[in-house]
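Each chain, letter by letter, is given below.
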Amino acid sequence: MCSTDCETPTECLSGALQALAGERIEGWFGPALLEREAPLVTAANRLAAELARTTRQCEVSGAAEHDGKATMASWLRGHHRLSQGGASRLVRNGRTLDRLPVLAAAASAGAVGAEAVSVLAPVVSDVNLARAEAQGVDVAAIDALLTEVATSSSHADLRQAVGHYLARLDPDGTEPDPTEQRSLSFTRHTDGTVSFHGTLDAVGGEKFQAAVESIQQASRPAGDTRSRAQQAGDALVQLCDNALASGALPILRGHKPQVLVTIDLEDLMDTSPGAGVGAGAGLTGFGGIISAAKARWLACDGNVTRIVIGPEGQPLDVGQTKRLFPPHLRRAIEVRDRHCVFAGCDAPSYWCDVHHVIHWIDGGDTCLDNGALLCERHHTKVHHGFRIERQPDGRWRTWRPDGTEILIGEPFLVSA
């Protein structure tokens, strides 16, 4: 108990957190902030351990029944709005600490966080405890060894150590079907963005990471301020673009996939500055909500099916699919431009869309002279105020929205 008038430890904790939240840290410098950060991490680990311990005791005593819930996981979801995964992890961590006392002591001291406890959870699953007992494995010794790894090595090392132990525990086990370990689900939000969650087996995950990493490492321009997570997201989209552009996907069977956008005719035709920039004008084939500007951008290099919607929302006309920049034209443009033509960009041709210099909605022809290679980032820029133009000598020039030209410095030549 603290020296204040708190009646319970949780009241003391609440008061301490309130005091921390009221402390002004704006303007603090690095050393002072780091001195504050370190004990907070330790305290968070200790609090997570205490929460897991309490959750375990609630589970053992059947406390959830008091509120009419069958399990602690359902109580945590219903009463504290935890996600299903978060509630399950908390319950599992409580069971893990209950069965691994050395780990529990380290967690209580703040030396081990909730993530590390989750990594160690499979060690004390019922099936693995039964295997350990059958083989005469001293689980108490394993508890001490793995806790030592958790407190002294990286998170990746801990995962590797646990994986090694589990593999040795069942060296002759049946090799699982990798397809049974793979899942992927998508959630589309009201603003059109998409979240996804998935699980891959070890080999599938390695392939996925290798593919994304290869794209990510190939696109590291100077001055890039994106976080690593943002770079990985861009790399994943680029990986999809490459696969779609190849024409080798079994369902698409074409050079580019068909883009289906349902949009009001007036929104599609209005290309005045600032028009159609807000979301909600177009609806994609998978239910995404996009702006009219984005619809025009998608139409640059793909198959477009025109669906004209009347004032009452009824389809007035469904036009024929129109292929823009067919393979032979794209190949010619690739040979001519070689990479993204936006000033200062050298993204390779297979990362690029073919952009109509004069937009197709404005009557621009689908021809060699009206096509330009643009990577996704700069394709977006050109559809939001930037402008490119090809000179008679074949050189591309780029202008900002304010009309100033982006100039690239001449190479510095050293005289012989």
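Residues numbered from 1 in each chain as written. Predicted model: local features only at pLDDT ≥ 70, side-chain atom pairs only at ≥ 80, totals over all residues. Heavy atoms only, no water.

Student: So what about unusual backbone geometry? Which residues, and what values?
Tutor: One non-glycine residue, R81, lies in the positive phi region at around 55°. For R338, which is not glycine, the phi torsion reads 70° and is therefore positive. Along the chain, R338 turns up in the loop between α14 (327–337) and β10 (352–356). Classification of R338 as exposed rests on a relative accessible area of 61%. (Helix = DSSP H or I, 4+ residues; strand = E, 2+ residues; numbered from the N terminus. Buried < 20%, exposed > 50% of the residue type's maximum accessible area, 1.4 Å probe, protein only.)

Student: I'd like a rundown of the pairing of strand β13 (residues 396–399), residues and numbers included.
Tutor: Of the strand pairs in this sheet, strand β12 (residues 387–390) and β13 are connected by 4 bridges, and their pairing is antiparallel. Paired with R387 across the strands is W399, a residue of β13. What sits between the antiparallel neighbours β12 and β13 is a turn of 5 residues, in which G394 has the positive phi angle 90°. As judged from the 2 bridges shared by β13 and strand β14 (residues 405–406), these two strands associate in the antiparallel manner. If you follow W399 over to β14, its bridge partner there is E405. Linking two consecutive strands that pair antiparallel, namely β13 and β14, is a turn of 5 residues; a positive phi of about 95° is found at G403 within it. (Pairing = 2+ DSSP bridges.)

Student: Talk me through the side chain of T96; I want residue IDs and the actual numbers.
Tutor: Considering the arrangement of structural elements, one finds T96 in helix α4 (residues 84–99). A residue is classified by how much of its surface remains accessible, and T96, at 1% relative accessible area, is buried. Excluding its chain neighbours within four sequence positions, the residues that come into contact with T96 are L103, V117, L120, A121 and V124. (Contact = heavy atoms within 4.5 Å.)

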